[in-house]
Each structure stands twice: as structure tokens, then as C-alpha cells.
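# Breakdown of the fold
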Amino acid sequence: HAKKQGKSSFKLYSSRLSDKIHCRQKLETLLRLAVKNEELHLVFQPQINEDGVFAIEALLRWEDPELGVISADEFIPIAEESLLIEEITHWVINQSLQMIARLRLICPSVYVAVNISAKNCLYPEKLKHCILTGLNDANLPGSALELEVTENVFLQNVHNTNKLFKDLGHYGIRFAIDDFGTGYSSLTYLLNLPLNTLKIDRSFIQDIHCNKIKLGVVKGILVIAKSLSMNCLAEGVEIEAQKQCLEELGCNRFQGYYFSKPLREKDFLLYLKSDLLQKS
Ligand code: C2E
Ligand code: MG
Ligand code: MG
Ligand code: MG
């Protein structure tokens, strides 16, 4: 009996594993098709300071007719494992730049933050070419773009990444560290790289209003950012109490559902117009 059980549980495990592989391969095939047929789209979430919207983050969405919405956390890693991430990033950069060029007609100094995968930094020349051509095509200065990378980008290829950031920095392009506090950070990298923004990960913000330890950690991050002359932005602000806590600590750049969910361009414009109206 035991033997039988052992065998069947092995079988269960192996079939689950093959299911997983099958599912991954299916997703990769579908993603490749979606890219080819331009079935991905972008949504935009505002970044807010005392004056209102100062930037927007572009976030990628994939809705498959059969599978429904597949979250970015699920399909970006698949894209990263194949070469698809290159094509996707180039598409995202171009679409984001075209969008921000339109938005700047209403809101002149706003810029767009685009997520870049560590994989993209392995091909710095390609990325640089894509960005510079995109800026040129949209007739935009480098200051219209911020690139968001996670700390893990520095695990591979610090030298190339460093050079890439410095190169692009000369054009006025900004850099942000995304999900700060959750990856493999090194204060040395933060010291040596031309970085503009630290985005404090949502997990620290979530219970900042009721957890003294998290509050202390965020306070510390703000001190570090200040010492490095970097701006600090709090991610995932969902409620008033969190915003108030952050303001008391001196953090006044926010992003999160409390202000707005990520929106399609058309809805984003409506949001922005009502934001501008409120101010006037
Ligand atoms: P991220 O760059 O840290 O983006 C923030 C994520 O938090 C987004 O999830 C956003 O929708 C979500 N979010 C924003 N405000 C709140 C809030 O108040 N509460 C909660 N619970 N969530 C909030 P999303 O769009 O599902 O993206 C997940 C991750 O996928 C991103 O994390 C980013 O790492 C990656 N990603 C998204 N778009 C792209 C892209 O175009 N290229 C690359 N390479 N990665 C992308
Ligand atoms: Mg991001
Ligand atoms: Mg983040
Ligand atoms: Mg993230």
C-alpha cells in the first residue's frame, strides 16, 4: 500500500511539474503572439507631490482572449527568460514616450517612468539606441524619461550598468531604484551611480501607520536618500493614514491607489483634468 501511495504521489508531483512546464511554454507562445499582434497595452499611474502629478509610471498589461488578464508579475519573468523582453521593453519605451509627448501638451514638465528589466542592461547599446531614437522621434528631451530598475540589476554586470546609466544621464534621463529594500542593495552602488529616485517598496508602506518598526525603517531610508541627494517616493500608498505618516516623516512623493489606480490613457487624461481643475 505504502509503495502504491509513494508511486502515486510521485506521479502527482511529476505531472504537476510537467503541467507547470506546459503552462509556461503555452504562456510564452501566447505572449510571443500577443507581442506580434500588438495585444499588449499600457496603463499609467500618477506620481504625486505637493503640486499634484509630477510624473507617471507606465505599467504593462496583457489580456488574452482565452486566459483573461495575466498579471505583469507573472508574464514579465517569462519574457525575461526568453529574448522577448527586449522587444517588449522597446515597445514599452516607444509607446510611453509617445504618450508623454501628448501629455506634455497639457502638463509641460511631467515625465514618464518606465520599468526596465535587469536583462535589458545586459545589452546596453541596444537599450541606449532604442531610448535615444525614441526621444528623437517623439521630439522630447531626456528629462521626459525616468528608468526604473530594481536593486538586483547590480548583481549582474555592475560595470556595464554603471556606464549605461552615466551615458544616459548625460542626456538628462533619470534613474530610479524600484522596490527599494526588498532586493540585494548595496550602499556602494547607491553612492557611485547617478540615481535620482528611491522608490520605497510597498511592503514597508502597507502598515507604516500601525507598525513602529516599519515606520523606523522608512525613516532610515529617508535619511539615506537625503544623504545621497536622492528623491524618495513611497509606493503603494492606499489610505490617508499612510500618506499622513509619510508626510510627517518628510516624504512627499507618493504613488498608489489612494491617488489613482493605473489607468488607460483616455481615463488618465480625465483624471489629470480634474486634478488640474481642483488646483485652479
Ligand atoms: P512595480 O514597477 O513595482 O509597479 C508597481 C505595482 O504595484 C504595479 O503592479 C501597480 O499596479 C501596483 N500598485 C500601484 N499602486 C498600488 C497600491 O496602492 N496597492 C497595491 N496593492 N498595488 C499597487 P503591476 O502593474 O501588476 O506590475 C507589477 C510589476 O511588474 C511591476 O512592479 C514591475 O516590476 C513589472 N512591470 C510592469 N510593467 C512592466 C514593464 O513594462 N516592463 C518591465 N520590465 N516590468 C514591468
Ligand atoms: Mg516600477
Ligand atoms: Mg515597485
Ligand atoms: Mg515590482
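Quick summary incoming for the structure in this document.

Calculation rules
Residues numbered from 1 in each chain as written. Chains lettered and ligands numbered in written order. Predicted model: local features only at pLDDT ≥ 70, side-chain atom pairs only at ≥ 80, totals over all residues. Heavy atoms only, no water. Donors = N, O, S within 2.8 Å, 3.2 Å for Na, K, Ca; no water. Helix = DSSP H or I, 4+ residues; strand = E, 2+ residues; numbered from the N terminus. Buried < 20%, exposed > 50% of the residue type's maximum accessible area, 1.4 Å probe, protein only. Salt bridge = Lys/Arg side-chain N within 4 Å of Asp/Glu carboxyl O. Disulfide = S-S within 2.5 Å. Arc of directions from axis to C-beta. Contact = heavy atoms within 4.5 Å. Core = buried A, V, L, I, M, F, W, Y, C linked by side-chain atoms within 4.5 Å. Near = heavy atom within 4 Å. Polar contact = N/O pair within 3.5 Å; in protein donor to acceptor, adjacent residues only side chain to side chain. Nonpolar A, V, L, I, M, F, W, Y, C, P; charged D, E, K, R; others polar.

## Focus on the coordination of the magnesium ion (ligand 2)
The protein atoms that coordinate the magnesium ion (ligand 2) are Glu57 (OE), Asn115 (OD1), Glu148 (OE) and Asp178 (OD), at distances spanning 2.0 to 2.2 Å. Counting residues between consecutive donors of the magnesium ion (ligand 2) along the chain gives the motif E-x57-N-x32-E-x29-D. Between the two metals, the magnesium ion (ligand 2) and the magnesium ion (ligand 3), the spacing is 4.2 Å, and aspartate 178 donates to both. Remark: aspartate 178 occurs in strand 6 (residues 174–180) and glutamate 148 occurs in strand 5 (residues 145–150); sequence separation between them is 30 residues. As far as burial versus exposure is concerned, glutamate 148 and aspartate 178 are alike and both buried.

## Points about the pattern of salt bridges
Tallying each qualifying case throughout the model produces 13 salt bridges. One salt bridge in this structure joins glutamate 247 and lysine 243, with 3.4 Å as the shortest N-O distance. Taken as a pair, glutamate 247 and lysine 243 lie in helix 9 (residues 240–249) at a separation of four residues, close to a single helical turn. When its relative accessible area of 39% is taken as the criterion, glutamate 247 is described as partly exposed. Overall, lysine 243 belongs to the buried group, its relative accessible area being 17%.

## Let's talk about the state of the cysteines
All chains considered together, the criterion is met by zero disulfides. Of all cysteine sulfurs in the structure, the one in cysteine 130 sits closest to cysteine 121, which takes part in no disulfide; the separation is 12 Å. By relative accessible area, cysteine 121 is classed as buried at 1%. The thiol of cysteine 251 is unpaired, and the distance to the nearest cysteine sulfur, on cysteine 232, comes to 5.5 Å. Residue classification places cysteine 251 among the buried positions, given a relative accessible area of 2%.

## Observations regarding helix 9
Within the sequence span of helix 9, burial applies to Gln242, Lys243, Cys245 and Leu246. Seen end-on, helix 9 carries its buried residues on one side only, within an arc spanning 160°. Residues of helix 9 that are buried in the fold lie against helix 7 (202–205), helix 8 (212–227) and strand 8 (231–234). Directly after helix 9, the chain includes glycine 250, whose backbone phi takes a positive value near 95°.

## With respect to the nonpolar core
Residues Leu31 and Phe268 are the most contacted members of the largest nonpolar core, which totals 77 residues. At nine residues, helix 3 (residues 84–103) tops the list of elements feeding residues into this core. Once residues within four sequence positions are removed from consideration, leucine 31 is found in contact with Leu40, Trp62, Phe75, Ile78, Ala79, Leu84 and Ile88.

## Considering the site of ligand 1
With respect to spatial proximity, 22 residues lie near ligand 1, and among them Arg61, Asn115, Asp178, Glu238 and Tyr257 are the closest. Measuring from a nitrogen atom of ligand 1, one finds a side-chain N or O atom of arginine 202 at 3.1 Å. Among the residues forming the shell around ligand 1, the class breakdown is eight nonpolar, five polar and nine charged.

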